[in-house]
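Okay, here's what each chain looks like letter by letter:
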Amino acid sequence: MTINFPQGQLISPPWDKKSLLLLNRSPEELKNDFYQLKTPLDVAKLLNIPYKRLVYHLYLVDSQRRYKTFTIPKKSGGQRQISTPITALKIIQQKLNQVLQAVYQVKPSVHGFVQDKNIVTNAKAHVKKRYVLNLDLENFFPSVNFGRVRGMFMAIPYHLPPDVATILAQICCQNNELPQGAPTSPIVTNMICGKMDSQLQRLAKDCKATYTRYADDITFSTTLKNFSADLAYVVNEGEAEKVVLGDLLSGIIRENGFNVNEKKTRLQTKGNHQEVTGLTTNQFPNVDRRYVRQVRAMLHAWAKFGLEAAQKEFEEKYNHKARFSGKQIPRFQDVLKGKVEFIGMVKGKDDLIYQKYINEYKQLLNLNFPKNI
């Protein structure tokens, strides 16, 4: 792609303040404008960005300067790489995310990154089931490369011209993959998975099962006495048992360009602990007991040893997340408030445990910061 500009026009004048805001149009207007895209110039107009600025940030800024990259530990071990865009590209992606949210038709089975759905709604679909099958898509964001994103925009149901699909994919991708940490990556993965979600929904119906997906976390459940072998079955390997995905299920996943992380595949049976997206589902969606104990311990540490000591203990025991250099360490009281509110989200604000912990939190906060209450 060859771009010719008079010298100096690439970096000045800066965007006006209005252009930095999210798009001031209704979802229906954004959707209609999206389907009318004919050229890269139309993309810039849709995003309310000068075309020269769009080209500058996509093609002329050094790729190493577009993102900040860091790693965080995975619960299952190893490291997960997070790449988050710098301010200018982040604004562009936030605007495109707003457009794509208006365009994407949410599948009933999808609970991740969509309005009014979350891990609680996802878990509710699998409450009181005889069997619950969990599987995880391996390297979910990195496995979606530039070609897949570009092809998705050109294919059904979007049918965008190649030049338009190219520049949209350029906005979304970094180093030939979807960066985990970009505003556009969650909605793009939902769009990429649209065909697979429809296929897995039909398969679940044929197997008299329930199917949901939360990002890379896929769950099937059923009340039937026998779990369908088209979904999964158990084989004996010496003294151990191994869950093997059925040919129909594994075939659909491979056909759509994904692989399953076999280490995370579980078939949970009634009478044993059943878990979906981190919540127990045997009787109703509930937080793990260890999570509740952790919150109780944090409240106790604050009450007994004081906020300063609790902050130090938090940094030593709980705060293992990677941060940009120079960024402040999260405050203990803010992290604790988030954990308490998470219990309220899952169990309900009328739940006795939530009520107990939120009242304790407010009392402690009032002792340290009287003006906050």
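Look above for the structure.
First, a word on what this report is: a plain description of the structure on this page.

Quick notes on the rules
- Residues numbered from 1 in each chain as written.
- Predicted model: local features only at pLDDT ≥ 70, side-chain atom pairs only at ≥ 80, totals over all residues.
- Heavy atoms only, no water.
- Pairing = 2+ DSSP bridges.
- Helix = DSSP H or I, 4+ residues; strand = E, 2+ residues; numbered from the N terminus.
- Axes fitted to C-alpha atoms, helices over the stretch in contact; angles between N-to-C directions.
- Contact = heavy atoms within 4.5 Å.
- Salt bridge = Lys/Arg side-chain N within 4 Å of Asp/Glu carboxyl O.
- Buried < 20%, exposed > 50% of the residue type's maximum accessible area, 1.4 Å probe, protein only.

## Re the sheet that holds strand S3 (residues 131–136)
Here is step 1 of the chain: Reading across the sheet, the four strands line up as S4-S5-S3-S8 and stay open at both edges, with antiparallel pairing between neighbours. In this open sheet, the two edge strands, each paired with only one partner strand, are strand S4 (210–214) and strand S8 (266–269). Pairs of neighbouring strands in the sheet enclose a mean axial angle of 15°, with direction left out of account.
Here is step 2 of the chain: In this sheet, strand S5 (residues 217–222) lies alongside S3 in antiparallel orientation, the contact comprising six bridges. Following the sheet pairing, Asp 136 is matched in S5 by Asp 217.
Here is step 3 of the chain: Sheet strands touched by helix H10 (residues 194–206): S4 and S5. Its angle to S4, the strand with the most contacts, is close to 155°.

## Points about the pairing of strand S7 (residues 240–245)
Here is step 1 of the chain: Pairing of strand S6 (residues 232–237) with S7, which is carried by six bridges, proceeds in the antiparallel orientation. Looking at the pairing, Ala 232 lines up with Leu 245 of S7.

## Focus: the pattern of salt bridges
Here is step 1 of the chain: A full pass over the atoms with the stated rule returns eight salt bridges.
Here is step 2 of the chain: Glu 341 is the salt-bridge partner of Lys 349, the closest N and O atoms lying 3.5 Å from each other.
Here is step 3 of the chain: Of the residues examined, Glu 341 reaches a relative accessible area of 25% and is grouped as partly exposed.

## So, the environment of Ala 310
Here is step 1 of the chain: Counting through the fold element by element, Ala 310 comes out in helix H13 (residues 307–317).
Here is step 2 of the chain: Owing to a relative accessible area of 2%, Ala 310 belongs among the buried residues under this scheme.
Here is step 3 of the chain: In this structure the C-alpha to C-alpha distance between Ala 310 and Ser 185, which are 125 residues apart in sequence, comes to 36 Å.
Here is step 4 of the chain: Excluding its chain neighbours within four sequence positions, the residues that come into contact with Ala 310 are Ala 301, Trp 302 and Phe 332.

Function cannot be inferred from these measures alone, as they are strictly geometric.
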